[in-house]
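# Breakdown of the fold
So the chains spell out like this:
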Amino acid sequence: MSGAPVRRTPLPGVLEPAGRTIGAEERAAVLRVLDSAVLCSTFGGEARALEDEMAALYGRPAMACSSGTAALHLAMAAVRFEPGDEVITTPISDFGTVAPVLAQNGVPVFADVDPVTGNLDPVAVEAAVTARTRAIVVVHLFGAPADVVGLRAVADRHGLVLIEDCAQAWLGTTASGELLGTFGDIACFSLQQYKHITAGDGGLAVTADAELESRMRLFMDKGWDRSGGRKHLVLGLNYRMTELVAAVARAQLGKVAGVVKRRQEAAGELVDALRDLGVGLPSLAGHAFWLFPLIVAGGNRRWADRLTAEGVPASAGYLERLLYANPVFAGAPVYGTSRYPLDRAYPVGLCPNAEELIDRTLVVLPWNEAYTTTDVDDIARAIRKVHADG
Ligand SMILES: *Cc1c(COP(=O)(O)O)cnc(C)c1O
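Here's a quick rundown of the structure. Here the structure is a predicted model, which means the values were calculated and not measured.

### Observations regarding helix H8 (residues 243–253)
Taken across its 11 residues, H8 has 9 buried, putting it largely inside the fold. Those residues of H8 lying buried are Glu 243, Val 245, Ala 246, Ala 247, Val 248, Ala 249, Ala 251, Gln 252 and Leu 253.

This is the structure:
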(Lines give C-alpha, C1' and ligand atoms only; values in the text may rest on other atoms or scores of the structure.)
Protein backbone atom coordinates (compact mmCIF):
# COMPACT_ATOMS: atom_id res chain seq x y z
CA MET A 1 0.00 0.00 0.00
CA SER A 2 1.34 3.41 -0.94
CA GLY A 3 1.22 6.54 1.21
CA ALA A 4 -1.51 8.10 3.32
CA PRO A 5 -5.11 6.89 3.07
CA VAL A 6 -7.17 8.64 0.38
CA ARG A 7 -9.93 9.41 2.85
CA ARG A 8 -9.12 10.69 6.32
CA THR A 9 -12.54 11.51 7.83
CA PRO A 10 -15.28 8.88 8.12
CA LEU A 11 -17.99 8.81 5.46
CA PRO A 12 -21.50 9.38 6.86
CA GLY A 13 -23.06 6.08 7.94
CA VAL A 14 -26.37 4.66 9.12
CA LEU A 15 -25.47 4.62 12.81
CA GLU A 16 -25.11 8.39 13.15
CA PRO A 17 -27.32 11.43 12.55
CA ALA A 18 -25.27 12.58 9.53
CA GLY A 19 -26.10 9.38 7.66
CA ARG A 20 -29.80 9.20 8.48
CA THR A 21 -32.70 11.50 7.61
CA ILE A 22 -34.10 11.69 11.14
CA GLY A 23 -35.05 15.22 12.08
CA ALA A 24 -37.78 17.54 13.26
CA GLU A 25 -40.57 15.56 11.57
CA GLU A 26 -39.67 12.33 13.36
CA ARG A 27 -39.23 14.14 16.67
CA ALA A 28 -42.68 15.73 16.34
CA ALA A 29 -44.17 12.36 15.35
CA VAL A 30 -42.87 10.63 18.47
CA LEU A 31 -44.12 13.41 20.73
CA ARG A 32 -47.53 13.40 19.03
CA VAL A 33 -47.93 9.72 19.87
CA LEU A 34 -46.61 10.04 23.42
CA ASP A 35 -48.93 12.95 24.10
CA SER A 36 -51.89 10.90 22.86
CA ALA A 37 -51.07 8.09 25.36
CA VAL A 38 -52.12 5.52 22.73
CA LEU A 39 -49.04 3.54 21.78
CA CYS A 40 -50.70 0.39 20.45
CA SER A 41 -51.82 0.51 16.82
CA THR A 42 -55.01 -1.44 17.51
CA PHE A 43 -56.36 1.72 19.16
CA GLY A 44 -54.52 4.53 17.39
CA GLY A 45 -54.38 6.06 13.94
CA GLU A 46 -50.67 6.16 13.04
CA ALA A 47 -50.19 2.64 11.71
CA ARG A 48 -53.42 2.85 9.73
CA ALA A 49 -52.33 6.21 8.28
CA LEU A 50 -48.92 4.72 7.39
CA GLU A 51 -50.72 1.91 5.57
CA ASP A 52 -52.77 4.46 3.61
CA GLU A 53 -49.65 6.42 2.68
CA MET A 54 -47.80 3.27 1.62
CA ALA A 55 -50.85 2.17 -0.37
CA ALA A 56 -50.85 5.51 -2.18
CA LEU A 57 -47.14 5.12 -2.98
CA TYR A 58 -47.49 1.58 -4.36
CA GLY A 59 -51.04 1.70 -5.71
CA ARG A 60 -52.31 -1.25 -3.66
CA PRO A 61 -53.36 -1.99 -0.08
CA ALA A 62 -50.56 -2.03 2.51
CA MET A 63 -50.07 -3.60 5.93
CA ALA A 64 -47.72 -2.33 8.63
CA CYS A 65 -45.98 -4.88 10.84
CA SER A 66 -43.04 -5.23 13.19
CA SER A 67 -40.17 -6.01 10.78
CA GLY A 68 -39.25 -6.99 7.25
CA THR A 69 -38.94 -10.57 8.47
CA ALA A 70 -42.43 -10.31 9.94
CA ALA A 71 -43.76 -9.00 6.61
CA LEU A 72 -42.24 -12.01 4.86
CA HIS A 73 -43.71 -14.31 7.51
CA LEU A 74 -47.15 -12.80 6.88
CA ALA A 75 -46.62 -13.50 3.19
CA MET A 76 -45.56 -17.11 3.78
CA ALA A 77 -48.52 -17.72 6.08
CA ALA A 78 -50.87 -16.21 3.48
CA VAL A 79 -49.58 -18.56 0.76
CA ARG A 80 -50.93 -21.34 3.00
CA PHE A 81 -48.64 -24.05 1.69
CA GLU A 82 -48.59 -27.50 3.30
CA PRO A 83 -45.79 -28.51 5.70
CA GLY A 84 -42.92 -29.88 3.61
CA ASP A 85 -43.79 -27.80 0.54
CA GLU A 86 -40.99 -25.95 -1.22
CA VAL A 87 -40.28 -22.25 -1.69
CA ILE A 88 -37.63 -21.26 -4.22
CA THR A 89 -35.41 -18.31 -3.36
CA THR A 90 -31.91 -16.86 -3.64
CA PRO A 91 -28.93 -17.86 -1.49
CA ILE A 92 -27.74 -14.23 -1.39
CA SER A 93 -29.98 -12.40 1.06
CA ASP A 94 -30.68 -11.52 4.64
CA PHE A 95 -31.76 -14.49 6.79
CA GLY A 96 -35.15 -12.76 7.04
CA THR A 97 -35.87 -13.96 3.50
CA VAL A 98 -35.79 -17.65 4.50
CA ALA A 99 -36.59 -17.78 8.24
CA PRO A 100 -40.33 -17.35 7.51
CA VAL A 101 -40.26 -20.33 5.12
CA LEU A 102 -38.90 -22.51 7.93
CA ALA A 103 -41.30 -20.95 10.43
CA GLN A 104 -44.19 -22.16 8.24
CA ASN A 105 -42.58 -25.61 7.98
CA GLY A 106 -41.59 -25.07 4.38
CA VAL A 107 -38.37 -26.16 2.70
CA PRO A 108 -36.25 -23.38 1.17
CA VAL A 109 -34.87 -24.37 -2.23
CA PHE A 110 -31.98 -22.23 -3.45
CA ALA A 111 -31.68 -21.37 -7.12
CA ASP A 112 -28.59 -19.82 -8.65
CA VAL A 113 -28.20 -16.17 -9.52
CA ASP A 114 -26.98 -13.99 -12.34
CA PRO A 115 -23.17 -13.78 -12.07
CA VAL A 116 -23.16 -9.99 -12.46
CA THR A 117 -26.18 -8.71 -10.49
CA GLY A 118 -26.50 -11.55 -7.98
CA ASN A 119 -30.22 -11.60 -8.66
CA LEU A 120 -32.23 -14.81 -9.16
CA ASP A 121 -31.93 -16.32 -12.62
CA PRO A 122 -35.42 -17.27 -13.91
CA VAL A 123 -33.96 -20.23 -15.84
CA ALA A 124 -32.41 -21.64 -12.65
CA VAL A 125 -35.65 -20.98 -10.78
CA GLU A 126 -37.72 -22.85 -13.36
CA ALA A 127 -35.29 -25.78 -13.27
CA ALA A 128 -35.81 -25.98 -9.48
CA VAL A 129 -39.61 -26.27 -9.69
CA THR A 130 -41.02 -29.60 -8.47
CA ALA A 131 -44.48 -30.94 -7.70
CA ARG A 132 -44.04 -29.56 -4.14
CA THR A 133 -43.11 -25.98 -5.13
CA ARG A 134 -45.63 -23.39 -4.00
CA ALA A 135 -43.89 -20.00 -4.12
CA ILE A 136 -40.90 -18.00 -5.32
CA VAL A 137 -39.34 -15.28 -3.15
CA VAL A 138 -37.29 -12.87 -5.25
CA VAL A 139 -34.92 -10.34 -3.67
CA HIS A 140 -33.91 -7.17 -5.50
CA LEU A 141 -30.34 -7.39 -4.27
CA PHE A 142 -28.80 -4.08 -3.18
CA GLY A 143 -31.77 -2.39 -4.92
CA ALA A 144 -31.04 -3.71 -8.42
CA PRO A 145 -34.15 -4.90 -10.25
CA ALA A 146 -34.36 -8.68 -10.51
CA ASP A 147 -35.93 -10.08 -13.67
CA VAL A 148 -39.46 -9.85 -12.32
CA VAL A 149 -41.02 -10.18 -15.76
CA GLY A 150 -39.21 -13.49 -16.29
CA LEU A 151 -40.00 -14.69 -12.76
CA ARG A 152 -43.64 -13.67 -13.07
CA ALA A 153 -43.84 -15.82 -16.21
CA VAL A 154 -42.25 -18.80 -14.41
CA ALA A 155 -44.67 -18.38 -11.49
CA ASP A 156 -47.66 -18.19 -13.82
CA ARG A 157 -46.57 -21.23 -15.88
CA HIS A 158 -46.39 -23.36 -12.73
CA GLY A 159 -49.19 -21.86 -10.64
CA LEU A 160 -46.83 -20.42 -8.00
CA VAL A 161 -47.17 -17.38 -5.78
CA LEU A 162 -44.50 -14.73 -6.42
CA ILE A 163 -43.28 -12.73 -3.42
CA GLU A 164 -41.00 -9.72 -3.93
CA ASP A 165 -38.59 -9.00 -1.08
CA CYS A 166 -38.12 -5.25 -1.59
CA ALA A 167 -36.28 -4.66 1.70
CA GLN A 168 -33.30 -3.29 -0.25
CA ALA A 169 -35.26 -1.81 -3.13
CA TRP A 170 -37.43 1.05 -1.91
CA LEU A 171 -38.86 2.74 -5.04
CA GLY A 172 -36.61 0.73 -7.34
CA THR A 173 -38.00 0.11 -10.80
CA THR A 174 -37.42 -2.15 -13.76
CA ALA A 175 -35.19 -0.78 -16.51
CA SER A 176 -38.38 0.41 -18.22
CA GLY A 177 -39.52 2.30 -15.12
CA GLU A 178 -42.16 0.00 -13.60
CA LEU A 179 -42.20 -0.02 -9.81
CA LEU A 180 -40.63 -3.06 -8.11
CA GLY A 181 -43.14 -4.50 -5.68
CA THR A 182 -45.98 -4.46 -8.20
CA PHE A 183 -45.05 -7.68 -10.03
CA GLY A 184 -45.39 -10.05 -7.08
CA ASP A 185 -48.61 -11.23 -5.49
CA ILE A 186 -47.15 -9.72 -2.32
CA ALA A 187 -44.17 -7.38 -1.82
CA CYS A 188 -42.38 -6.89 1.52
CA PHE A 189 -40.36 -3.94 2.81
CA SER A 190 -38.17 -3.27 5.84
CA LEU A 191 -37.66 -0.22 8.05
CA GLN A 192 -34.66 -1.66 9.90
CA GLN A 193 -31.84 0.70 10.88
CA TYR A 194 -29.67 -0.01 7.81
CA LYS A 195 -32.37 0.36 5.14
CA HIS A 196 -33.10 3.42 2.97
CA ILE A 197 -35.52 4.71 5.60
CA THR A 198 -35.85 3.50 9.16
CA ALA A 199 -37.94 3.41 12.28
CA GLY A 200 -35.40 1.18 14.03
CA ASP A 201 -37.33 -1.94 13.10
CA GLY A 202 -40.56 -2.21 11.16
CA GLY A 203 -42.04 -3.78 8.07
CA LEU A 204 -44.61 -3.17 5.38
CA ALA A 205 -46.29 -5.50 2.91
CA VAL A 206 -48.39 -4.62 -0.12
CA THR A 207 -50.77 -6.82 -2.08
CA ALA A 208 -53.55 -6.24 -4.57
CA ASP A 209 -55.16 -9.58 -3.65
CA ALA A 210 -57.93 -9.17 -1.05
CA GLU A 211 -57.77 -12.81 0.05
CA LEU A 212 -54.01 -12.66 0.68
CA GLU A 213 -54.48 -9.34 2.47
CA SER A 214 -57.10 -10.76 4.79
CA ARG A 215 -54.97 -13.81 5.65
CA MET A 216 -51.98 -11.56 6.35
CA ARG A 217 -54.02 -9.28 8.61
CA LEU A 218 -55.27 -12.25 10.60
CA PHE A 219 -51.79 -13.74 10.96
CA MET A 220 -50.43 -10.38 12.18
CA ASP A 221 -53.02 -10.11 14.95
CA LYS A 222 -53.40 -13.53 16.62
CA GLY A 223 -55.89 -14.79 14.06
CA TRP A 224 -58.38 -12.32 15.51
CA ASP A 225 -60.53 -10.47 12.97
CA ARG A 226 -61.81 -7.96 15.59
CA SER A 227 -65.11 -7.52 13.75
CA GLY A 228 -66.94 -8.98 16.73
CA GLY A 229 -66.04 -10.86 19.88
CA ARG A 230 -62.76 -12.45 20.68
CA LYS A 231 -62.69 -15.29 18.22
CA HIS A 232 -59.40 -16.67 16.87
CA LEU A 233 -60.15 -17.85 13.36
CA VAL A 234 -56.70 -19.17 12.48
CA LEU A 235 -53.22 -19.45 13.96
CA GLY A 236 -51.70 -15.99 14.16
CA LEU A 237 -48.92 -14.23 16.03
CA ASN A 238 -48.54 -10.65 17.19
CA TYR A 239 -46.64 -8.83 14.46
CA ARG A 240 -48.35 -5.46 14.93
CA MET A 241 -46.37 -2.27 14.43
CA THR A 242 -46.50 0.11 17.40
CA GLU A 243 -47.79 3.67 17.07
CA LEU A 244 -44.39 5.15 17.92
CA VAL A 245 -42.76 3.18 15.13
CA ALA A 246 -45.57 3.98 12.72
CA ALA A 247 -45.38 7.69 13.40
CA VAL A 248 -41.63 7.73 12.73
CA ALA A 249 -42.14 5.54 9.66
CA ARG A 250 -44.69 8.02 8.27
CA ALA A 251 -42.17 10.83 8.51
CA GLN A 252 -39.52 8.62 6.91
CA LEU A 253 -41.84 7.47 4.14
CA GLY A 254 -42.32 11.11 3.22
CA LYS A 255 -38.56 11.31 2.62
CA VAL A 256 -37.97 8.05 0.78
CA ALA A 257 -38.27 9.47 -2.75
CA GLY A 258 -35.61 12.08 -1.98
CA VAL A 259 -33.38 9.48 -0.33
CA VAL A 260 -33.53 7.17 -3.34
CA LYS A 261 -33.00 10.04 -5.78
CA ARG A 262 -29.90 11.29 -3.95
CA ARG A 263 -28.46 7.77 -3.73
CA GLN A 264 -29.03 7.30 -7.45
CA GLU A 265 -27.37 10.62 -8.30
CA ALA A 266 -24.32 9.81 -6.17
CA ALA A 267 -24.13 6.31 -7.69
CA GLY A 268 -24.29 7.85 -11.15
CA GLU A 269 -21.34 10.07 -10.27
CA LEU A 270 -19.30 7.08 -9.10
CA VAL A 271 -20.16 5.07 -12.21
CA ASP A 272 -19.09 8.01 -14.39
CA ALA A 273 -15.82 8.33 -12.48
CA LEU A 274 -14.96 4.64 -12.87
CA ARG A 275 -16.35 3.78 -16.28
CA ASP A 276 -12.97 3.27 -17.97
CA LEU A 277 -11.41 1.30 -15.11
CA GLY A 278 -12.33 -2.27 -15.91
CA VAL A 279 -14.09 -3.16 -12.64
CA GLY A 280 -17.68 -4.36 -12.91
CA LEU A 281 -20.11 -1.52 -12.16
CA PRO A 282 -23.85 -1.75 -11.51
CA SER A 283 -26.34 -0.84 -14.18
CA LEU A 284 -28.04 2.40 -13.12
CA ALA A 285 -31.46 1.74 -14.66
CA GLY A 286 -34.07 1.39 -11.91
CA HIS A 287 -31.45 0.67 -9.23
CA ALA A 288 -32.42 1.92 -5.75
CA PHE A 289 -28.80 1.76 -4.47
CA TRP A 290 -29.16 0.37 -1.00
CA LEU A 291 -25.50 -0.62 -1.35
CA PHE A 292 -23.07 -0.08 -4.22
CA PRO A 293 -21.70 -3.36 -5.62
CA LEU A 294 -18.44 -3.79 -7.54
CA ILE A 295 -17.31 -6.91 -9.36
CA VAL A 296 -13.55 -7.30 -9.11
CA ALA A 297 -10.83 -9.64 -10.26
CA GLY A 298 -8.00 -10.59 -7.95
CA GLY A 299 -9.86 -11.43 -4.78
CA ASN A 300 -12.73 -9.60 -3.12
CA ARG A 301 -11.25 -9.96 0.39
CA ARG A 302 -8.04 -8.25 -0.63
CA TRP A 303 -10.06 -5.50 -2.32
CA ALA A 304 -12.26 -4.96 0.72
CA ASP A 305 -9.28 -4.82 3.09
CA ARG A 306 -7.38 -2.40 0.84
CA LEU A 307 -10.37 -0.09 0.34
CA THR A 308 -11.08 -0.07 4.06
CA ALA A 309 -7.44 0.84 4.71
CA GLU A 310 -7.88 3.77 2.30
CA GLY A 311 -10.71 5.06 4.52
CA VAL A 312 -13.51 3.71 2.30
CA PRO A 313 -15.18 0.89 4.23
CA ALA A 314 -15.97 -2.04 1.98
CA SER A 315 -17.08 -5.59 2.55
CA ALA A 316 -16.20 -8.71 0.60
CA GLY A 317 -19.22 -10.58 -0.67
CA TYR A 318 -21.90 -8.74 1.39
CA LEU A 319 -22.47 -11.98 3.35
CA GLU A 320 -19.83 -13.94 5.22
CA ARG A 321 -21.41 -17.02 3.67
CA LEU A 322 -24.37 -17.90 1.49
CA LEU A 323 -27.64 -18.56 3.29
CA TYR A 324 -27.36 -22.31 2.71
CA ALA A 325 -23.83 -22.42 4.16
CA ASN A 326 -25.12 -21.35 7.58
CA PRO A 327 -25.30 -23.99 10.35
CA VAL A 328 -29.10 -23.99 10.32
CA PHE A 329 -29.02 -25.41 6.77
CA ALA A 330 -25.81 -27.37 7.18
CA GLY A 331 -26.93 -29.73 9.95
CA ALA A 332 -28.06 -27.82 13.05
CA PRO A 333 -31.49 -28.64 14.48
CA VAL A 334 -34.43 -26.50 13.29
CA TYR A 335 -37.18 -27.53 15.75
CA GLY A 336 -36.26 -29.22 19.02
CA THR A 337 -33.46 -31.58 18.15
CA SER A 338 -34.93 -32.31 14.71
CA ARG A 339 -33.96 -31.00 11.31
CA TYR A 340 -37.62 -30.95 10.28
CA PRO A 341 -38.80 -29.51 7.86
CA LEU A 342 -35.41 -29.77 6.15
CA ASP A 343 -35.15 -33.00 4.21
CA ARG A 344 -31.99 -32.50 2.17
CA ALA A 345 -28.38 -31.40 2.22
CA TYR A 346 -27.26 -28.04 0.84
CA PRO A 347 -23.80 -28.95 -0.46
CA VAL A 348 -21.03 -26.62 -1.56
CA GLY A 349 -21.44 -26.17 -5.31
CA LEU A 350 -25.23 -25.92 -5.14
CA CYS A 351 -25.24 -22.40 -6.64
CA PRO A 352 -21.85 -21.83 -8.32
CA ASN A 353 -22.52 -18.27 -9.49
CA ALA A 354 -23.58 -17.20 -6.02
CA GLU A 355 -20.55 -18.90 -4.47
CA GLU A 356 -18.22 -17.14 -6.92
CA LEU A 357 -19.73 -13.75 -6.04
CA ILE A 358 -19.54 -14.20 -2.27
CA ASP A 359 -16.16 -15.93 -2.16
CA ARG A 360 -14.26 -14.15 -4.92
CA THR A 361 -15.72 -11.33 -7.01
CA LEU A 362 -18.25 -9.20 -5.13
CA VAL A 363 -17.25 -6.12 -3.12
CA VAL A 364 -19.94 -3.91 -1.62
CA LEU A 365 -19.68 -0.33 -0.49
CA PRO A 366 -22.10 1.16 2.02
CA TRP A 367 -24.15 3.79 0.20
CA ASN A 368 -25.77 6.88 1.61
CA GLU A 369 -27.99 9.77 0.55
CA ALA A 370 -25.69 12.13 2.43
CA TYR A 371 -22.67 11.44 0.21
CA THR A 372 -21.43 14.66 -1.36
CA THR A 373 -19.55 15.01 -4.64
CA THR A 374 -16.37 15.17 -2.56
CA ASP A 375 -17.27 11.92 -0.81
CA VAL A 376 -17.91 10.20 -4.13
CA ASP A 377 -14.67 11.62 -5.47
CA ASP A 378 -12.74 10.16 -2.53
CA ILE A 379 -14.42 6.78 -3.02
CA ALA A 380 -13.49 6.84 -6.72
CA ARG A 381 -9.88 7.76 -5.96
CA ALA A 382 -9.60 4.96 -3.40
CA ILE A 383 -10.93 2.43 -5.92
CA ARG A 384 -8.52 3.69 -8.59
CA LYS A 385 -5.62 3.45 -6.15
CA VAL A 386 -6.44 -0.13 -5.10
CA HIS A 387 -6.91 -1.07 -8.77
CA ALA A 388 -3.60 0.51 -9.78
CA ASP A 389 -1.73 -1.26 -6.97
CA GLY A 390 -2.88 -4.50 -8.62
C1 LIG B 1 -33.24 -6.43 5.89
C2 LIG B 1 -33.75 -7.49 5.03
C3 LIG B 1 -34.74 -8.40 5.46
C4 LIG B 1 -35.24 -8.45 6.86
O5 LIG B 1 -35.77 -7.26 7.33
P6 LIG B 1 -35.78 -6.97 8.91
O7 LIG B 1 -36.60 -5.72 8.99
O8 LIG B 1 -34.37 -6.80 9.32
O9 LIG B 1 -36.45 -8.13 9.57
C10 LIG B 1 -35.22 -9.31 4.55
N11 LIG B 1 -34.77 -9.37 3.30
C12 LIG B 1 -33.82 -8.54 2.85
C13 LIG B 1 -33.39 -8.64 1.42
C14 LIG B 1 -33.26 -7.59 3.70
O15 LIG B 1 -32.30 -6.77 3.25
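### Focus: the layout of surface pockets
Quantified by volume, the largest pocket comes out at close to 470 Å³. If one sorts the elements of the lining of the largest pocket by residue count, strand S10 (residues 362–366) sits on top with 3 residues. Thr 117, Asn 119, Ala 144, Pro 145 and Ser 283 are the residues nearest the centre of the second largest pocket, which is lined by 28 residues in total. Those elements giving two or more residues to the lining of the second largest pocket turn out to be helix H6 (148–158) and strand S8 (291–295).

### Re the packing of aromatic side chains
Enumeration according to the criterion identifies 12 aromatic pairs in this entry. Aromatic pair Phe 110 and Tyr 346: ring centres 5.6 Å apart, planes at 70 degrees, arrangement edge-to-face. Pair noted here: Phe 110 is in strand S3 (residues 107–110) and Tyr 346 is in the loop between strand S9 (315–316) and helix H11 (352–361), with a separation of 236 residues, a long-range link. Accessibility assignment for this pair places Phe 110 and Tyr 346 in one class, buried. Seen from their ring centres, Phe 292 and Trp 367 are 5.0 Å apart, and the 40 degrees between their planes marks the pair as tilted.

### Regarding a nonpolar patch on the surface
A cluster of nonpolar side chains, contributed by Leu 31, Leu 34 and Leu 39, occupies part of the molecular surface with about 250 Å² of accessible area. Along the polypeptide, Leu 34 turns up in helix H1 (residues 24–36). Judged by its relative accessible area of 43%, Leu 34 is partly exposed.

### Observations concerning the sheet that holds strand S7 (residues 203–206)
Taken together, the 7 strands give an open sheet; going across it, the order is S1-S7-S6-S5-S4-S2-S3, and neighbouring strands pair in mixed fashion. Each edge of the sheet is formed by a strand with only one pairing partner; in this case those strands are strand S1 (62–65) and S3. Each neighbouring strand pair of the sheet contributes to a mean axis angle of 25 degrees, computed without reference to strand direction. Where strand S5 (residues 161–165) and strand S6 (residues 186–190) come together, 3 bridges link them in parallel fashion. Residue pairing in the sheet places Asp 165 in a bridge with Cys 188 of S6.

### Here's the deal with the pattern of salt bridges
Counted according to the given criterion, the structure contains 32 salt bridges. We note a salt bridge from Lys 255 to Glu 25, for which the minimum N-O separation is 2.9 Å. Remark: Glu 25 occurs in helix H1 and Lys 255 occurs in the loop between H8 and helix H9 (256–274); sequence separation between them is 230 residues. Each of Arg 7, Asp 375, Asp 377, Asp 378 and Arg 381 takes part in salt bridges that share partners, so that together they form one network.

Parameters and conventions
Residues numbered from 1 in each chain as written. Predicted model: local features only at pLDDT ≥ 70, side-chain atom pairs only at ≥ 80, totals over all residues. Heavy atoms only, no water. Buried < 20%, exposed > 50% of the residue type's maximum accessible area, 1.4 Å probe, protein only. Helix = DSSP H or I, 4+ residues; strand = E, 2+ residues; numbered from the N terminus. 1 Å grid on protein atoms, 1.4 Å probe; cavity = no way out; pocket = protein on both sides within 12 Å on 5 of 7 lines; lining within 4 Å. Points joined across faces, edges and corners; volume = space filled by probe spheres on them. Phe/Tyr/Trp six-rings, centres within 6.5 Å; stacked < 30°, edge-to-face > 60°. Patch = residues over 30% accessible without salt bridge, like charges linked within 9 Å, V, L, I, M, F, W, Y side chains within 5 Å. Areas by Shrake-Rupley, 256 points an atom, 1.4 Å probe, with all protein chains shown as cover. Salt bridge = Lys/Arg side-chain N within 4 Å of Asp/Glu carboxyl O. Pairing = 2+ DSSP bridges. Axes fitted to C-alpha atoms, helices over the stretch in contact; angles between N-to-C directions.

Geometric values such as these leave the question of function open.
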